[in-house]
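One-letter residues, chain by chain:
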Amino acid sequence: PLIDLQPTACCHEKFCRRCLLAHVTTHIRQGKANIQCPACPEPINPFTILYNVEIPLALRERYQELLARDLSEKQDT
């Protein structure tokens, strides 16, 4: 079977789609709003995560909460 490789928007490094999803979901579960590309220091665009229907809705909602919390903390400083 062919592996479904997906290039990242920042550095165009190709990753297995399931591996990339695992990377993102792990970081959301760890409470991180700023999720970096696994290949370079660039952050993954939040909209790429929020609108990815392969990520369960509950995790996308959690990520949205993390983004809001992160924004709120930045405004307080």
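Residues numbered from 1 in each chain as written. Predicted model: local features only at pLDDT ≥ 70, side-chain atom pairs only at ≥ 80, totals over all residues. Heavy atoms only, no water.

## Some thoughts on the packing of aromatic side chains
This model, assessed by the stated rule, comprises one aromatic pair. Pairing phenylalanine 47 with tyrosine 51 gives two aromatic rings, centres 6.1 Å apart and planes at 15°, and the pair type is stacked. Assigned by exposure class, phenylalanine 47 and tyrosine 51 land together as exposed. (Phe/Tyr/Trp six-rings, centres within 6.5 Å; stacked < 30°, edge-to-face > 60°. Buried < 20%, exposed > 50% of the residue type's maximum accessible area, 1.4 Å probe, protein only.)

## Quick notes on the nonpolar core
If you look at the biggest cluster of nonpolar residues, it comprises 12 residues: Leu21, Val24, Ile28, Ala33, Ile35, Ile44, Ile49, Leu50, Ile55, Leu59, Tyr63 and Leu66. Counting only elements with at least two residues in this core, the list comes to α1 (17-29), α2 (46-50) and α3 (57-76). With residues near it in sequence (within four places) discarded, leucine 21 still touches Asn52, Glu54 and Ile55. (Core = buried A, V, L, I, M, F, W, Y, C linked by side-chain atoms within 4.5 Å. Helix = DSSP H or I, 4+ residues; strand = E, 2+ residues; numbered from the N terminus. Contact = heavy atoms within 4.5 Å.)

## As for the environment of glutamate 13
Here glutamate 13 is to be found in the loop between β1 (5-7) and β2 (14-16). Taking the C-alpha atoms as reference, glutamate 13 lies 29 Å from alanine 68; in sequence the two are 55 residues apart. Sequence-distant contacts of glutamate 13, defined by excluding residues within four places in its chain, comprise Gln6, Pro7, Thr8 and Ala39.

## Concerning the confidence of the model for the chain
Of all residues in the chain, 96% attain a pLDDT of 70 or more, and the chain-wide mean is 91. Ranking the elements of the chain by mean pLDDT puts β1 last with 86 and α1 first with 94. (pLDDT = per-residue confidence, 0-100.)

## A short note on the environment of glutamate 61
Structurally, glutamate 61 can be placed in helix α3. For glutamate 61, a relative accessible area of 42% corresponds to the partly exposed category. Sequence separation between glutamate 61 and isoleucine 28 is 33 residues, and the spatial gap between their C-alpha atoms is 10.0 Å.

## Here's the deal with the environment of proline 38
By the element assignment, proline 38 lies in the loop between α1 and α2. On a C-alpha basis, the gap between proline 38 and leucine 5 in space is 14 Å, while along the polypeptide they are 33 residues apart. If near-sequence neighbours (up to four positions away) are discounted, proline 38 is found in contact with Phe15, Leu20 and His23.

## A closer look at unusual backbone geometry
Not every positive phi belongs to a glycine, and histidine 12 is a case in point at roughly 65°. You can see histidine 12 is positioned in the loop between β1 and β2. Take histidine 12: its relative accessible area is 56%, and that puts it in the exposed class.

## Considerations on the packing of α1 against α3
Packing of α1 against α3 brings their axes to within 10 Å, and their N-to-C directions diverge by 55°. Here α3 runs oblique to α1, going by the angle between their axes. In terms of crossing hand, the pair formed by α1 and α3 is left-handed. Between α1 and α3, the residues in contact are Thr25, Ile28 and Arg29 and Leu59, Arg62, Tyr63 and Leu66, respectively. For the contact of α1 with α3, a count of residues per class yields four nonpolar, one polar and two charged. (Axes fitted to C-alpha atoms, helices over the stretch in contact; angles between N-to-C directions. Parallel < 35°, antiparallel > 145°, perpendicular 65-115°, else oblique. Left-handed = near helix turned anticlockwise from the far one by under 90°. Nonpolar A, V, L, I, M, F, W, Y, C, P; charged D, E, K, R; others polar.)

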